[in-house]
Amino acid sequence: MKNFSTRLKSIVDDYKMLLRNIPSLTVAIFILSVVCANLMANKELVNYKFVALDCGFAFSWIMFLCMDVICKRWGAAASIKVSFLALFVNLAVCASFALLSLTPGMWAEFYNSENPQVNAALNATFGGAWYVVLGSGLAFITSSVVNALLNSAIGKAVNKNGFFAFALRSYVSTIIAQFVDNLVFATIVSKIFFGWTWIQVFVCSLIGAVCELLCEVIFSGIGYKIVCSWEKENVGSDYVEYIRDSKKRA
């Protein structure tokens, strides 16, 4: 029990130091993108044969760009830790939405239409289905781990700085992790509950990953400049030193 208490305190202290070192705006944008992607996944953006994108696509690439810049500056473990924090916040938001959707009050849109089906539809949208939340949560955290480990491994293999090295580790890790994200979600939700075929699952997952990668390619220059400014200004240097000391002790 004492070892567990010590370990728990160590984890809490690690999180405190990590969150003090990562710029708060970065963490806020990351968490907000996760919450928004989960919510907007309820609305389809494109649905044509083997191309299926929901509106969460507009935010999913932001999540991965945030993970990439965090991983580049503080390593894979830091990226995974912030991802778990984002998952916890997202689940808390989903739970609060589900509870509030059960309240007897009317949505503002109801008074515009005076149609009770509008109120029921909004409650169902914000309340969410348990299997969608489950699939989204598992897909996100699985892809986050894959993205962080691949990004870090490629960075160590290339062992260079510069935009090309940043782009290589970001693009490769993103397309694979996005494919994993789409595949897990499509398998749990679309295959089991909506009757998709395995061909639809794999093809839609791959096409979605390519589309999401293209968004990151467009904005990766911004991510690279952010990382460069952090390194130049020694942002988060305390946690960088903490990681080095931990590796030496190990």
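Colleague: Describe in detail the overall build of the protein, supporting the description with residues and values.
Modeller: Per the secondary structure count, the protein includes 10 helices and 2 strands. The linear arrangement of helices and strands in the protein, starting from the amino end, is α-α-β-β-α-α-α-α-α-α-α-α. Scaling as 2.2 N^0.38, a compact globule of 250 residues should have a C-alpha radius of gyration of about 18 Å, and the protein matches this with 20 Å. When the backbone C-alpha atoms are referred to their principal axes, the protein occupies close to 65 × 45 × 35 Å. A buried classification covers 38% of the 250 residues belonging to the protein. A sequence separation of at least 24 residues applies to 75% of the contacts in the protein between residues at least 6 apart. When the accessible surface of the protein is totalled, it reaches about 13900 Å², and 68% of it is carbon and sulfur. A distance of 11 Å separates the average location of the 20 positive side-chain charges in the protein from that of its 15 negative side-chain charges.

Colleague: Mind laying out the packing of helix 8 (residues 163–194) against helix 9 (residues 198–232), listing which residues take part and the relevant values?
Modeller: One way to put it is that helix 8 packs onto helix 9 with a least axis distance of 7 Å and a crossing angle of 145°. Once helix 8 is placed against helix 9, the crossing between them reads as right-handed. Residue composition of the contact of helix 8 with helix 9, grouped by class: 17 nonpolar, 10 polar and 3 charged.

Colleague: Describe the side chain of Ser101, listing the residues and the values that go with them.
Modeller: Counting through the fold element by element, Ser101 comes out in helix 4 (residues 76–101). Here the side chain of Ser101 touches Ala98 through a polar contact of 2.6 Å, landing on its backbone oxygen.

Colleague: An account of the packing of helix 4 against helix 7 (residues 130–158) is needed here, citing residue identities and associated values.
Modeller: Direction vectors running N to C along helix 4 and helix 7 enclose 170°, while the axes themselves pass 9 Å from each other. As far as their axial angle goes, helix 7 and helix 4 are roughly antiparallel. Judged by residue contacts, Ala76, Ser79, Ile80, Ser83, Phe84, Ala86, Leu87, Leu91 and Cys94 of helix 4 engage Val133, Gly137, Phe140, Ile141, Ser144, Val145, Ala148, Leu149 and Ser152 from helix 7. Among the residues forming the contact of helix 4 with helix 7, the class breakdown is 13 nonpolar, 5 polar and no charged.

Colleague: Go over the confidence of the model for the protein with me, naming the residues and quoting the values.
Modeller: Across the protein, pLDDT averages 89, with 98% of residues at or above 70. Across the protein, the secondary-structure element scoring lowest on mean pLDDT is strand 2 (residues 51–54), at 75, and the one scoring highest is helix 4, at 94.

Colleague: Which residues make up the pattern of salt bridges, and what are the values?
Modeller: Under the counting rule described, the total for this entry stands at 4 salt bridges. Its salt-bridge partner being Lys9, residue Asp13 comes within 2.9 Å of it at the nearest N-O pair. With a gap of 4 residues between them, Asp13 and Lys9 both fall in helix 1 (residues 2–21), about one helical turn apart. Between Asp14 and Lys81 there is a salt bridge whose closest N-O contact spans 2.8 Å. Of the two residues, Asp14 is situated in helix 1 and Lys81 in helix 4; the sequence distance between them amounts to 67 residues. Residue classification places Lys81 among the partly exposed residues on the basis of a relative accessible area of 22%.

Colleague: Break down the environment of Val172 for me, with residues and values.
Modeller: Along the polypeptide, Val172 turns up in helix 8. Through-space distance from the C-alpha of Val172 to that of Phe59 is 19 Å; in sequence the pair is 113 residues apart.

Colleague: Requested: an account of unusual backbone geometry, with residues and values cited.
Modeller: Despite not being glycine, Asn159 shows a phi value in the positive range, around 55°. Within the secondary structure, Asn159 is located in the loop between helix 7 and helix 8. Phi angles above zero are rare outside glycine, and Asn234 is one such case at about 60°. Mapped onto the secondary structure, Asn234 falls in the loop between helix 9 and helix 10 (237–249).

Colleague: So what's going on with the pairing of strand 1 (residues 44–48)? Which residues, and what values?
Modeller: Little of strand 1 sits inside the fold, with 0 of its 5 residues counted as buried. As defined by bridge partners, strand 1 adjoins strand 2 across 4 bridges and the pair is classed as antiparallel. From the neighbouring strand, Val46 faces strand 2, where its bridge partner is Leu53.

Calculation criteria
- Residues numbered from 1 in each chain as written.
- Predicted model: local features only at pLDDT ≥ 70, side-chain atom pairs only at ≥ 80, totals over all residues.
- Heavy atoms only, no water.
- Helix = DSSP H or I, 4+ residues; strand = E, 2+ residues; numbered from the N terminus.
- Rg over C-alpha atoms; globule rule 2.2 N^0.38 Å.
- Buried < 20%, exposed > 50% of the residue type's maximum accessible area, 1.4 Å probe, protein only.
- Contact = heavy atoms within 4.5 Å.
- Areas by Shrake-Rupley, 256 points an atom, 1.4 Å probe, with all protein chains shown as cover.
- Lys, Arg positive; Asp, Glu negative; His and termini not counted.
- Charge placed at Lys NZ, Arg CZ, Asp CG, Glu CD.
- Axes fitted to C-alpha atoms, helices over the stretch in contact; angles between N-to-C directions.
- Left-handed = near helix turned anticlockwise from the far one by under 90°.
- Nonpolar A, V, L, I, M, F, W, Y, C, P; charged D, E, K, R; others polar.
- Polar contact = N/O pair within 3.5 Å; in protein donor to acceptor, adjacent residues only side chain to side chain.
- Parallel < 35°, antiparallel > 145°, perpendicular 65-115°, else oblique.
- pLDDT = per-residue confidence, 0-100.
- Salt bridge = Lys/Arg side-chain N within 4 Å of Asp/Glu carboxyl O.
- Pairing = 2+ DSSP bridges.

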